[in-house]
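Here's the letter readout for the chains.
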Amino acid sequence: MSEPSTVSRARKLEIDPVTRVEGHGKVTIRLDEAGKVQEARFHVVEFRGFERFIQGKLYWEVPVIVQRLCGICPVSHHLAAAKAMDAIAGVDAVTPTADKLRRLMHYGQLLQSNALHIFHLASPDLLFGFGAPAEKRNIVSVLETFPEIGKWAIFIRKYGQEVIKATGGKKIHPTSAVPGGVTQNLCVESRDALRRDIEQILSWCLLALDKLKQIVAEREAEHKDFAYFESNYLSLVGANGVMDLYDGTLRAIDSAGGVIFDGVEPCLYREQLIEEVRPWSFMKFPHIRSLGRDQGWYRVGPLAQLNCAASIDTPIAEAERRLFMNIGAGRPVHATLAYHYARLICLVHSAEKIQQLLFDDDLQGDDLILSGQRRGSGVSCIEAPRGTLIHHYEVDERDQVTRANLIVSTTSNNEALNRAVASVATTYLSGQEITEGLLNHIEVAIRAYDPCLSCATHALGQMPLIVTLEDAAGEVVDRKVKQ
Amino acid sequence: MNGQEFFFTVDGRQVRAEPGQTIIAACDAAGIYIPRLCHHPDLKPAGHCKLCSCYIDGRRASACTMPAAPGMVVISDNEELNNDRRVVLNMLFVEGNHICATCEKSGDCELQALAYRLDIPSPSLPYQWQRYEIDASHPDVFIDRNTCVLCSRCIRASRDLDGKSVFGFAGRGLGMRLNIDAKAELDETTFSAIDKAAKICPVGCIVIKRTGYRTPVGLRRFDVTPIGSDIENKSGAKPK
């Protein structure tokens, strides 16, 4: 973390890089002469470009290529691309074996990625406090001070990756989902090995949830008010609004819980969502078309998944969802730190779903791949660990991709991330001495969204890179625009 | 053997051969693996890739084109020759655009398997990043020239086995490319997915469409045993 600037009058503070998030981002905060926050922005400074360089690739290669966006949740991109390519291959519904194998892989992904976030990235803040010394805020300290929690961190994540390996061949970057289905079923040996440990994993997830609830109860005001703002929410839901993190239709609700749209098939996402480019970030700003740029921004991720769902089809997670929703007293839960609470409920739900699936004999079926009449485009939607993920591809008659559009979860949370930064900066920085602990508050707000910055920066479009040079008085002395 | 067989020495081992048999063919039969890319037992030798270069009676020559002779002394497996093979492989990697991580031939690719066998974890030379064309015009087969190693297997197979001569080389040096006969794209030729030439490519250059990744990780050709172990297993020798 860089030292805060000490120039007189207007001052610019930078947190560069933002730590314990996936990828590279920075925050700039401009203070006025009175020391009040004038402006705060969350910038993503890396660039990936996947949408562009998969053009020309053959469509069955895409599920394997695009998952290289990320090493933390590659399965989400692998499955989202495979689902979109099902449509290209003319397959509207894969076989029950393929569907359940993909779901099992997906819940393994949700388990390991949510565990990674809650334990490895966020737990130092939650356990030691936001103002704890920097040397304390890491997973090694968690392991030393709370060895039991360190054990959950390691083994829950490991189990999720074992599920991915059993269903996809590799713990990271599997290749088993192909257009029209999957290439392998779940062997009995792998199934039995996973069955042996799932009870233990589920119990550790529940213990972690209890611990989080205890922390929330002890620091209720902080968890309620920190970076609080209201917003719209977007998520996939299954039939009757039941939480479905793998498939379903899109539902958006407003800050009071009213439905903005519901039952929207993923292939029609462009009728409801529009993406905006701004010159100072490599991330796009999507919003709900009918509400416009200023009112239509929304949040995705575990908080949205719980706020949008009418129920959860696994018993423990459903009971916990009901308790969680009591916080909102009939309205959606809006607190930024509630993302962690919601994430743990999703973690429990994922463990329950894995347990259900491991006792489903369809997983050993041999009917793996279907084919159909080729189509020119395919859209899919999945609830990744960080929220709603949309993949859209167009393919020519030679089987080559001509266009791709990915709206990843962190992109959808872009506006919310900026608002969270501004909110915390205004509350904690204005008129105060700048300390690293205070700057960490900014990072805490960002981490709650679990941003995946490398995933989110895949489109340059017409966005110019602007570099502004300011003197000590805050005056702009030079400005370069690189197209 | 027809009674005219003779013996020669490879890395100190006696190898039996018959008149007209190449060194590499005799070694294959004897369970001695000499690295190769362009050589294929169904095709006439071409001597293109130079990976099978050996010391033959003290002079360098390609084992795939050199006939064995009585009393010949061949050295194939020593550090100098293997280092040179590593250089050749390195150059093949960096002159193409080989993205093994996402290539559908990964685990079934002879170039990748040779790199593993000769302990090349990643190329040590700078990539050239040349631009190559993908020809996806054919309904059943595509050509990705990014991975072509100019081994000429497809050229020889099309000409000698399929009787079609669909392929040829154009250009020289770094500008050399696999070309389609008569400047056409692949869909304008008589090429077919059932041709021998469609299945003989050692890398991911000529590939049957819509079959990618169908074999699960762990079950691909070189996932279980290293390249050459099928030959070495004939003699009961332990594969490298």
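The rules behind these values
Residues numbered from 1 in each chain as written. Chains lettered and ligands numbered in written order. Predicted model: local features only at pLDDT ≥ 70, side-chain atom pairs only at ≥ 80, totals over all residues. Heavy atoms only, no water. Helix = DSSP H or I, 4+ residues; strand = E, 2+ residues; numbered from the N terminus. Rg over C-alpha atoms; globule rule 2.2 N^0.38 Å. Buried < 20%, exposed > 50% of the residue type's maximum accessible area, 1.4 Å probe, protein only. Contact = heavy atoms within 4.5 Å. Areas by Shrake-Rupley, 256 points an atom, 1.4 Å probe, with all protein chains shown as cover. Lys, Arg positive; Asp, Glu negative; His and termini not counted. Charge placed at Lys NZ, Arg CZ, Asp CG, Glu CD. Pairing = 2+ DSSP bridges. Axes fitted to C-alpha atoms, helices over the stretch in contact; angles between N-to-C directions. UniProt positions renumbered as here; feature names shortened; annotations may be inferred. Salt bridge = Lys/Arg side-chain N within 4 Å of Asp/Glu carboxyl O. Buried area = accessible area lost by both parts, 1.4 Å probe. Polar contact = N/O pair within 3.5 Å; in protein donor to acceptor, adjacent residues only side chain to side chain. Domains from an automatic or database assignment. Nonpolar A, V, L, I, M, F, W, Y, C, P; charged D, E, K, R; others polar. Expected span 1.5 Å × (residues − 1). Parallel < 35°, antiparallel > 145°, perpendicular 65-115°, else oblique. Left-handed = near helix turned anticlockwise from the far one by under 90°.

Student: Run through the overall build of chain B, naming residues and quoting values.
Tutor: Scanning chain B from N- to C-terminus turns up six helices and ten strands. Relative to its length of 240 residues, chain B is compact, with a C-alpha radius of gyration of 18 Å against a globular reference of 18 Å. Taking the principal axes of the C-alpha coordinates as reference, chain B spans close to 50 × 40 × 35 Å. In chain B, buried positions account for 52% of the 240 residues. Across chain B, every contact between residues at least 6 apart in sequence was considered, and the portion connecting residues at least 24 apart equals 62%. For chain B, the exposed area adds up to about 11400 Å²; of that, 52% sits on carbon and sulfur atoms. Treating the 30 positive side-chain charges of chain B as one cloud and the 29 negative ones as another, the clouds have centres 0 Å apart.

Student: I'd like a rundown of the sheet that holds strand β12 (residues 377-384) of chain A, residues and numbers included.
Tutor: Residue and element names in this part refer to chain A. Pairing is antiparallel across the open sheet formed by three strands, whose spatial order is β12-β13-β14. The strands lining the two open edges of the sheet, one partner per strand, are β12 and β14 (401-407). Put simply, the sheet's adjacent strands are angled 15 degrees from each other on average, direction ignored. Of the pairings in the sheet, the one linking strand β13 (residues 387-395) to β14 comprises six bridges and is antiparallel in character. Following the sheet pairing, I390 is matched in β14 by I407.

Student: Outline the UniProt feature "binding site: Fe cation" (unreviewed entry) in chain A, listing residues and values.
Tutor: All names here are of chain A. The UniProt record marks C73 and C455 with the feature "binding site: Fe cation" (unreviewed entry), using the residue numbering of this structure. With respect to the helices and strands, C73 occurs in the loop between α2 (62-66) and α3 (74-88). A relative accessible area of 4% means that C73 is categorised as buried. Residues within four places of C73 in sequence aside, it is in contact with Q109, S113, P385 and R386.

Student: Describe the pattern of salt bridges, and please don't skip the residues or the numbers.
Tutor: Side chains that carry opposite charge are capable of pairing whenever their charged atoms lie near each other. Summed over the entire model, instances satisfying the criterion amount to 41 salt bridges over all chains. One salt bridge connects A:K353 with A:D313, and the closest N-O pair in it is separated by 3.1 Å. On the criterion of sequence distance, the pair formed by A:K353 in helix α13 (residues 338-358) and A:D313 in the loop between α11 (302-308) and α12 (315-326) is long-range, its members being 40 residues apart. Note on A:K353: relative accessible area 12%, which makes it buried. With a closest N to O distance of 3.4 Å, A:E443 and A:R447 form a salt bridge. With A:E443 and A:R447 both in helix α16 (residues 436-448), this residue pair falls four residues apart, about one helical turn. A relative accessible area of 1% means that A:E443 is categorised as buried. Overlapping salt bridges bring together A:R374, A:D399, B:D140, B:K209 and B:R210 as one network.

Student: Summarise the interface of chain A and chain B; cite the residues concerned and give the values.
Tutor: Chain A puts 19 residues into the contact, and the matching count from chain B is 17 residues. Together, the buried faces of chain A and chain B total about 1700 Å²; carbon and sulfur atoms form 58% of this surface. Viewed at the interface, chain B and chain A are joined by three salt bridges. Here chain A and chain B share seven residue pairs in polar contact (both at pLDDT 80 or more) between them.

Student: Describe the UniProt feature "domain: 4Fe-4S His(Cys)3-ligated-type" (unreviewed entry) in chain B, listing the residues and the values that go with them.
Tutor: In the numbering used here, UniProt assigns the feature "domain: 4Fe-4S His(Cys)3-ligated-type" (unreviewed entry) to residues 80-119 of chain B. Taken end to end, residues 80-119 of chain B is 60% helix and 0% strand, and its two terminal C-alpha atoms sit 14 Å from one another.

Student: Could you give an account of the domain arrangement of chain A, naming the residues involved and the relevant values?
Tutor: Interface size is often expressed as the accessible area that is lost when the parts come together. Residues and elements named next belong to chain A. Under the domain assignment used here, chain A contains domain 1 (1-46 + 419-482) and domain 2 (92-228 + 336-366). Counting from both sides, the interface comprises 16 residues of domain 1 and, opposite them, 18 residues of domain 2. Seen at the junction of domain 1 and domain 2, the total is one salt bridge. In this structure, D125 and R447 form a salt bridge, with 2.6 Å as the shortest nitrogen-oxygen distance. Scanning the region where domain 1 abuts domain 2 turns up eight residue pairs in polar contact (both at pLDDT 80 or more). Among the secondary structure elements, those contributing two or more residues to the side of domain 1 that touches domain 2 are α15 (414-428) and α16. Per-element tally for the side of domain 1 that touches domain 2: the top contributor is α16, with eight residues. Considered class by class, the residues forming the side of domain 1 that touches domain 2 number eight nonpolar, four polar and four charged.

Student: Would you mind going over α3(A) in detail, with residue names and values included?
Tutor: All names here are of chain A. A rise of 1.5 Å per residue sets the reference length of α3, with its 15 residues, at 21 Å; its end C-alpha atoms lie 21 Å apart and thus fit the reference within 8%. Counting buried positions along α3 gives 15 out of 15 residues, so the element sits mostly inside the fold. Directly after α3, the chain includes G90, whose backbone phi takes a positive value near 80 degrees.

Student: Outline the packing of helix α4 (residues 96-128) of chain A against helix α7 (residues 188-218) of chain A, supporting the account with residue identities and numerical values.
Tutor: Residue and element names in this part refer to chain A. Running from amino to carboxyl end, α4 crosses α7 at an angle of 30 degrees, the nearest separation of the two axes being 13 Å. When the axes of α4 and α7 are compared, the pair comes out roughly parallel. The handedness of the crossing between α4 and α7 is left-handed. On the side of α4, the interface is formed by L111, F119, L126 and L127, while α7 contributes I201, C205, A208, K211, L212 and I215. The class makeup of the residues in the contact of α4 with α7 is nine nonpolar, no polar and one charged.

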